[in-house]
Amino acid sequence: MTVYCATSNPGKLREFQLAAPDFDVRPLPARVAPPEENGGTFEANAILKAQGYGAHIDGYLFADDSGLEVDALGGAPGVNSARYAGENATDANNNNLLLDRLRGVENRAARFVCVIALVKDGNLVKTFRGAVEGQIIDTPRGSGGFGYDPLFFHEPFGCTFSEASVEQKMTVSHRAIALEQMFAYLREKRTERI
């Protein structure tokens, strides 16, 4: 079964494809203007993206909205994770701002959250949510991953998400959890058609 994903992020695309080798996960076949992400929650933004991109695709398409929530910052950066340090911020800019705001703060509890919205022919089918808990460390570590991965220490691994392999990360990540829920749903739908 072919399922389209609404991402131009090669790191996310790779994670999506690794999550379900029994599906043909493809990026959008044509360049489509991105819908405005003006929702106040991860779920609202995922739905906006899925419906916006899904209007251009026949069949299933999913979009995610994900980010980092830090307890000491009241859940920030949250839905603004990719733009935390400004509209054209790099991962390094965002990470530096996060570290600046956490300077001297003892509570470093954080979580990555991902909500995936699945549409069929542009119509919302269902949403799926995943989260993984961790701590924000003071110095970036590791060369893998993207975003806040170099600062996100996951105690069960004993390392940051950037130091973990993609395969290891996919066993516990927020995105992996939401993807597994979605692909389990799609497997049921595929079985019902047979």
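Before reading further, recall that the structure is shown in the block above.
I will try to describe carefully the structure that is included in this document.

### Looking at the layout of surface pockets
Quantified by volume, the largest pocket comes out at close to 1000 Å³. Lining the largest pocket are 39 residues; nearest its centre among them are T7, N9, K12, K49 and A82. Elements with a minimum of two residues in the lining of the largest pocket: helix 1 (10–19), helix 2 (42–54), strand 3 (60–70), helix 3 (91–102) and helix 5 (174–193). At five residues, strand 3 tops the list of elements feeding residues into the lining of the largest pocket. Considering only residue class, the lining of the largest pocket consists of 17 nonpolar, nine polar and 13 charged.

### Digging into the pairing of strand 3
Along strand 3, eleven of the eleven residues are buried, which leaves the element largely enclosed by surrounding structure. Taken together, the two bridges between strand 1 (residues 2–5) and strand 3 define a ladder with parallel strand orientation. When the sheet's bridge partners are listed, Y4 is paired in strand 3 with L61. Sheet topology places strand 3 next to strand 4 (residues 109–120); eleven bridges connect them, and they run antiparallel. Looking at strand 4, one finds that D64 is bridged to I116.

### With respect to the sheet that holds strand 7 (residues 159–160)
Hydrogen bonds along the backbone pair up the strands of a sheet, which may run parallel or antiparallel. Within the open sheet, the seven strands sit side by side as 2-1-3-4-5-6-7. Their pairing is mixed. At either end of the open sheet lies a strand with only one pairing partner, and these are strand 2 (24–27) and strand 7. Pairing between strand 1 and strand 2: four bridges, direction parallel. Bridge pairing links Y4 to R26 in strand 2. Those strands touched by helix 2 are strand 3, strand 4 and strand 5 (123–136), and its axis lies near 155° from that of strand 3.

### Comments concerning the nonpolar core
One finds F62, I116, L118, L179, M182, F183 and L186 to be the most contacted residues of the largest nonpolar core, which totals 22 residues. Looking at this core, the elements with two or more residues in it are strand 1, helix 1, strand 3, strand 4 and helix 5. The residues contacting L118, other than those within four sequence positions of it, are Y60, L61, F62, N123, L124, V125, K126, F128, M182, Y185 and L186. Within the second largest apolar cluster, 18 residues are counted, among which are L97, I136, F157 and A164.

### As for the packing of aromatic side chains
Tallied over the entire structure, the rule returns eight aromatic pairs. Ring geometry for F23 against F183: centres 4.9 Å apart, planes inclined by 35°, an arrangement best described as tilted. Here F183 lies in helix 5 and F23 lies in the loop between helix 1 and strand 2, a separation of 160 residues in the sequence. Since its relative accessible area comes to 7%, F23 is described here as buried. A relative accessible area of 0% means that F183 is categorised as buried. With centroids separated by 6.2 Å and ring planes inclined at 80°, the aromatic side chains of F62 and F183 adopt a geometry described as edge-to-face. Pair noted here: F62 is in strand 3 and F183 is in helix 5, with a separation of 121 residues, a long-range link. Take F62: its relative accessible area is 0%, and that puts it in the buried class. Ring-pair connections join several aromatic residues into one group, and the members of that group are F16, F23, F62 and F183.

### Some thoughts on the environment of H154
Mapped onto the elements, H154 comes out in strand 6 (residues 152–154). Judged by relative accessible area, H154 falls into the buried class, the value being 7%. What H154 contacts, discounting residues up to four positions off in sequence, is V132, E133, C159, F161 and V172.

### Remarks on unusual backbone geometry
At the junction of A76 and P77, the peptide bond is cis and its omega measures out at 0° in the coordinates. Looking at where P77 falls in the secondary structure, it is placed in the loop between strand 3 and helix 3. Even without a glycine there, the phi angle at D121 is positive, about 55°. Locating D121 in the fold gives a position in the loop between strand 4 and strand 5.

About the thresholds
- Residue indices follow the written sequence of each chain, beginning from 1 at its first position.
- At least 70 in pLDDT is required for a residue's local features to be given in this predicted model, at least 80 for side-chain atom pairs to be given and counted, and no such filter applies to totals for whole chains, interfaces and linings, which use all residues.
- Side-chain numbers come from the whole structure's heavy atoms, not from hydrogens or water.
- A cavity, in this analysis, means grid points on a 1 Å lattice covering only the protein atoms where a 1.4 Å probe fits yet has no way out; a pocket is instead an open set bounded by protein on both sides within 12 Å along at least five of seven lines, and a residue lines either one if it has an atom within 4 Å of a point.
- Grid points are joined across faces, edges and corners, and a volume is the space filled by probe spheres set on the points.
- Starting at the N terminus, helices and strands are each numbered in turn, a helix being any DSSP run of H or I of at least four residues and a strand any DSSP run of E of at least two.
- Each residue is assigned to one of three groups, with Ala, Val, Leu, Ile, Met, Phe, Trp, Tyr, Cys and Pro labelled nonpolar, Asp, Glu, Lys and Arg labelled charged, and all others, Gly among them, labelled polar.
- Only protein chains enter the calculation, and the probe is 1.4 Å; a residue is then buried if its accessible area is under 20% of its type maximum, exposed if over 50%, and partly exposed in between.
- Pairing between strands is defined by DSSP: at least two bridges between them are needed.
- Contacts are residue-level and defined by heavy atoms, with any inter-residue pair within 4.5 Å sufficient.
- Axis angles are defined between N-to-C directions and span 0 to 180 degrees, where every axis is a line fitted to C-alpha atoms and, for a helix, only to the segment in contact.
- Side-chain atoms within 4.5 Å link the members of a nonpolar core, which is a set of buried Ala, Val, Leu, Ile, Met, Phe, Trp, Tyr and Cys residues.
- Any two rings among Phe, Tyr and Trp, with Trp reduced to its six-membered ring, count as a pair given centres within 6.5 Å; such a pair is stacked if its planes are under 30 degrees apart, edge-to-face if over 60, and tilted if neither.

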